[in-house]
Amino acid sequence: MIGVIIQARMGSSRLPGKILKQIGNKKLLDHIFYRLKFLEYPVTTILATTMSVRDDIVAEYCALNGIHCFRGSENNVLERYYLCAKQYEFQHVIRLTADNPFIDVEEIVRLINLHLRSQADYSHSFTALPVGVGSEIFSFAALKRCYLLGKEPHHVEHVNEYILDHPDEFKIALLNVDKSKNRPDIRLTIDTPEDYKKACYIAEHGGSQLMTTEEAIRLCLQYV
């Protein structure tokens, strides 16, 4: 079974509460779940938040929208992912974060196919797609290895850092994308107030029902 685990919390240091901020006609989280409806692959999607009281509102959002919710450690994100994947018995885990409203579901499907075809431990598209558009997939065995061996602070905070520090221990697959989407220099994530303003501009000026990555790139470059 393949699971999509989206990490989300209200306590962002640069832009608190961003995951429920309005971007165009939808909240940030709404954009992500709307786009995942177009994912042409059978997956189970979980929103993984924290046990903090301030994230009760995230759990309430899940309950209101019929979304599976898992609550775990606020600071040990690696543990949160591992325990969530273990509870739901996922064989492979797609990791998304709740500050990326413009995920590319077409490329997620291509990444899944690459990951399974190559029997990789870890697959990603970060070096090709714009920041905030790419995604990554762990086999459960690789995620478990990270959890058991990743003891440094950056290992537990970012999930994939143990793999990046020890690439020789894993079979890694990298997705290539069409040159029209190959803009890793473009930021389509939301981390700062300026990112948020830009995302609002993109959402408000996008013409298609499901905005393509090419269109988001064009609007990002147009934004001043």
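Refer to the structure above for everything that follows.
Note that the structure is predicted; figures quoted are calculated from it, not measured.

**Focus: the overall build of the protein**
Scanning the protein for helices and strands turns up nine helices and nine strands. Compactness check: the protein gives a C-alpha radius of gyration of 17 Å against a globular reference of 17 Å for 224 residues, within 12% of the reference. Taken along its principal axes, the extent of the C-alpha atoms in the protein is 45 × 45 × 30 Å. Relative to its full complement of 224 residues, the protein shows a buried share of 54%. Pairs at least 24 apart in sequence give 68% of the contacts found in the protein among residues at least 6 apart. Per element, the accessible surface of the protein, about 10500 Å² overall, is 51% carbon and sulfur. Separation between the mean location of the 26 positive side-chain charges and that of the 28 negative ones in the protein comes to 2 Å.

**Topic: the sheet that holds strand 9 (residues 172–174)**
Read across the open sheet, the seven strands follow the order 5-4-1-6-8-7-9; overall the sheet is mixed. Looking at the sheet topology across the chains shown, the edges are occupied by strand 5 (68–72) and strand 9. Neighbour-to-neighbour, the strand axes of this sheet turn through a mean angle of 25 degrees, independent of strand direction. Where strand 1 (residues 2–7) lies against strand 6 (residues 92–97), six bridges are found, and the strand directions are parallel. Along strand 6, the bridge assignment pairs Ile2 with His92. In the packing of helix 5 (residues 140–149) onto the sheet, the strands contacted are strand 6 and strand 8 (136–139), and the crossing angle to strand 8 comes to about 85 degrees.

**With respect to the pairing of strand 1**
Counting buried positions over the six residues of strand 1 gives six, a clear majority of the element. Judged by which residues are buried, strand 1 turns out to be covered on both faces: Ile2, Val4 and Ile6 on one side and Gly3, Ile5 and Gln7 on the other are all buried. Judged from the five bridges that link them, strand 1 and strand 4 (residues 44–50) form a sheet pairing that is parallel. When the bridges of strand 4 are listed, Gln7 appears paired with Ala48.

**As for the pairing of strand 6**
Among the six residues that make up strand 6, six are buried, leaving the element largely enclosed by the rest of the structure. Across four bridges, strand 6 lies against strand 8 in antiparallel orientation. Directly across from Arg95, in strand 8, lies its bridge partner Glu136.

Rules of the game
Residues numbered from 1 in each chain as written. Predicted model: local features only at pLDDT ≥ 70, side-chain atom pairs only at ≥ 80, totals over all residues. Heavy atoms only, no water. Helix = DSSP H or I, 4+ residues; strand = E, 2+ residues; numbered from the N terminus. Rg over C-alpha atoms; globule rule 2.2 N^0.38 Å. Buried < 20%, exposed > 50% of the residue type's maximum accessible area, 1.4 Å probe, protein only. Contact = heavy atoms within 4.5 Å. Areas by Shrake-Rupley, 256 points an atom, 1.4 Å probe, with all protein chains shown as cover. Lys, Arg positive; Asp, Glu negative; His and termini not counted. Charge placed at Lys NZ, Arg CZ, Asp CG, Glu CD. Pairing = 2+ DSSP bridges. Axes fitted to C-alpha atoms, helices over the stretch in contact; angles between N-to-C directions.

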